[in-house]
Amino acid sequence: MKKLFGYILTPIFYLVFGLFLALFHPLQWLCYKVFGYSAHKWSVDVLNFFLTYSQLTLLNSISFKNTYQLPKDRPIIFVANHQSMYDIPSLIWFLRKHHPKFISKIELTKGIPSISFNLKYGGGANIDRKDSKQSISEIIKLGRRMNENNWSTVIFAEGTRAKDGKMKPFQVGGIATLLKIVPNALLVPVAIENSWKIVRYGSYPLSTLQPLKWTVLAPIERAEKNAEELVLEAENAIKQHIGQQ
């Protein structure tokens, strides 16, 4: 049934999703070029609200849960598992008070309406995976911006999407680099559930009637822990929450 509905509803979803990307591209440009960062961020937040709730056209439900009072005057590193490209709009929208930035492939800064513009000018790190020096330099610059502005960064520590929903081991490198630049950052795990099921059949049809969930888990203070210990603690917390431990 979910696949059958997908054949019918996927074209509607792509039309709605694509229209929002096209409509907000010139709005982002105007906000950034004329009014600066705050206006640009507002346009990105609103865009990602609409992208998130475009899932309703697939009859997918959206659930975000955060029972913790996260600081706004301190940088945060959100560490999440990664299941599909549809993880990202919801993280931008639901964590908007913390100015979330991403570490992205530099190739994505060209050719995608709205998304490429935001990656290029939104303050994140755009890395060339074939150039380790450039990648480290970009992450260091991101860390400095986090310090200066109390921004947060979202890191998908698996390094790639778990297409079957089964978590891969978390990688330490990017988080370790950030922690050197932002030693007072709070580490906050975020568990993502069921978004892999959207694309379980590929790009067409998309799956329907899925309960999509994003859950903020208990923050982890650095204390005397090294990067490996912190990442392992975040990984285990997410695994336990999604029932993979």
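These remarks concern the structure in this document. Given the structure is predicted, the values throughout are model-derived calculations rather than measurements.

With respect to the overall build of the protein
Helix and strand counts for the protein come out as 7 helices and 7 strands. Listing every helix and strand of the protein by position from the N terminus yields α-α-β-β-α-β-α-β-α-β-α-β-β-α. A compact globule built from 245 residues should have a C-alpha radius of gyration of about 18 Å, and the protein, at 18 Å, falls within 12% of that. Residues counted as buried form 49% of the 245 residues belonging to the protein. Intrachain contacts of the protein at a sequence separation of at least 6 include 73% that bridge at least 24 residues.

Regarding the environment of Pro75
Inspection of the secondary structure assignment puts Pro75 in the loop between strand 1 (61–65) and strand 2 (76–80). For Pro75, a relative accessible area of 2% corresponds to the buried category. For the pair Pro75 and Gly143, spaced 68 residues apart in the sequence, the C-alpha separation amounts to 9.1 Å. Dropping the residues within four chain positions of it, Pro75 is found in contact with Met146, Asn147, Asn150, Trp151, Val182, Asn184, Ala185 and Leu186.

Details of the pattern of salt bridges
Per the stated rule, a full pass over the model turns up 5 salt bridges. With a shortest N-O distance of 2.8 Å, Lys225 and Glu233 are connected by a salt bridge. In this structure, the salt-bridge partner of Lys239 is Glu235, at a minimum N-O distance of 3.3 Å. One end of the pair, Lys239, and the other, Glu235, are both in helix 7 (residues 227–241), 4 residues apart, so they sit about a helical turn from each other.

As for the layout of surface pockets
Empty space among the atoms becomes visible once a probe the size of a water molecule is rolled across them. Approximately 250 Å³ is the volume attributed to the second largest pocket. Forming the boundary of the second largest pocket are Phe64, Asn66, Tyr68, Gln69, Leu70, Lys72, Phe94, Leu95, Arg96, Lys97 and His98.

Regarding the side chain of Thr177
With respect to the helices, strands and loops of the structure, Thr177 is situated in helix 6 (residues 173–181). Thr177 sits in the buried class, given a relative accessible area of 18%. The residues contacting Thr177, other than those within four sequence positions of it, are Ile136, Ile139 and Ile140.

What about a positive patch on the surface?
Among the surface-exposed residues, Lys105, Arg129, Arg161, Lys163 and Lys168 lie close enough to one another that they form a single positively charged patch. Tracing the sequence through the fold places Arg161 in the loop between strand 5 (152–156) and helix 6. With a relative accessible area of 39%, Arg161 lands in the partly exposed category.

Quick notes on the nonpolar core
Core analysis: the largest hydrophobic core is formed by 33 residues, its most contacted members being Phe78, Leu91, Val154, Phe156 and Val188. Put simply, the parts of the chain that give this core at least two residues each are helix 1 (2–35), helix 2 (37–53), strand 2, helix 3 (87–94), strand 5, strand 6 (186–193) and strand 7 (211–216). Discounting chain neighbours no more than four positions away, the residues touching Leu91 are Pro100, Phe102, Val154, Phe156, Val190, Ile192 and Trp214. Ile77, Ile155, Ile175 and Ile220 belong to the second largest nonpolar core, which has 28 residues in total.

Some points on unusual backbone geometry
The linkage connecting Tyr204 with the following residue, Pro205, adopts the cis geometry, with an omega of -5 degrees. Here Pro205 lies in the loop between strand 6 and strand 7. The backbone phi angle of Asn150 is positive, close to 55 degrees, even though this residue is not glycine. Relative to the helices and strands, Asn150 resides in the loop between helix 5 (132–149) and strand 5.

Some points on the pairing of strand 3 (residues 100–105)
Sheet analysis places strand 3 next to strand 5, joined by 3 bridges and oriented parallel. In the sheet register, Pro100 faces strand 5, and the bridge partner there is Ser152. Judged from the 3 bridges that link them, strand 3 and strand 4 (residues 125–127) form a sheet pairing that is parallel. Paired with Lys105 across the bridge in strand 4 is Ile127. Note that the unit made of strand 3, helix 4 (residues 115–121) and strand 4 has a crossover that is right-handed.

About the cut-offs
Residues numbered from 1 in each chain as written. Predicted model: local features only at pLDDT ≥ 70, side-chain atom pairs only at ≥ 80, totals over all residues. Heavy atoms only, no water. Helix = DSSP H or I, 4+ residues; strand = E, 2+ residues; numbered from the N terminus. Rg over C-alpha atoms; globule rule 2.2 N^0.38 Å. Buried < 20%, exposed > 50% of the residue type's maximum accessible area, 1.4 Å probe, protein only. Contact = heavy atoms within 4.5 Å. Salt bridge = Lys/Arg side-chain N within 4 Å of Asp/Glu carboxyl O. 1 Å grid on protein atoms, 1.4 Å probe; cavity = no way out; pocket = protein on both sides within 12 Å on 5 of 7 lines; lining within 4 Å. Points joined across faces, edges and corners; volume = space filled by probe spheres on them. Patch = residues over 30% accessible without salt bridge, like charges linked within 9 Å, V, L, I, M, F, W, Y side chains within 5 Å. Areas by Shrake-Rupley, 256 points an atom, 1.4 Å probe, with all protein chains shown as cover. Lys, Arg positive; Asp, Glu negative; His and termini not counted. Charge placed at Lys NZ, Arg CZ, Asp CG, Glu CD. Core = buried A, V, L, I, M, F, W, Y, C linked by side-chain atoms within 4.5 Å. Pairing = 2+ DSSP bridges. Right-handed = clockwise from strand over helix to strand, strands pointing away.

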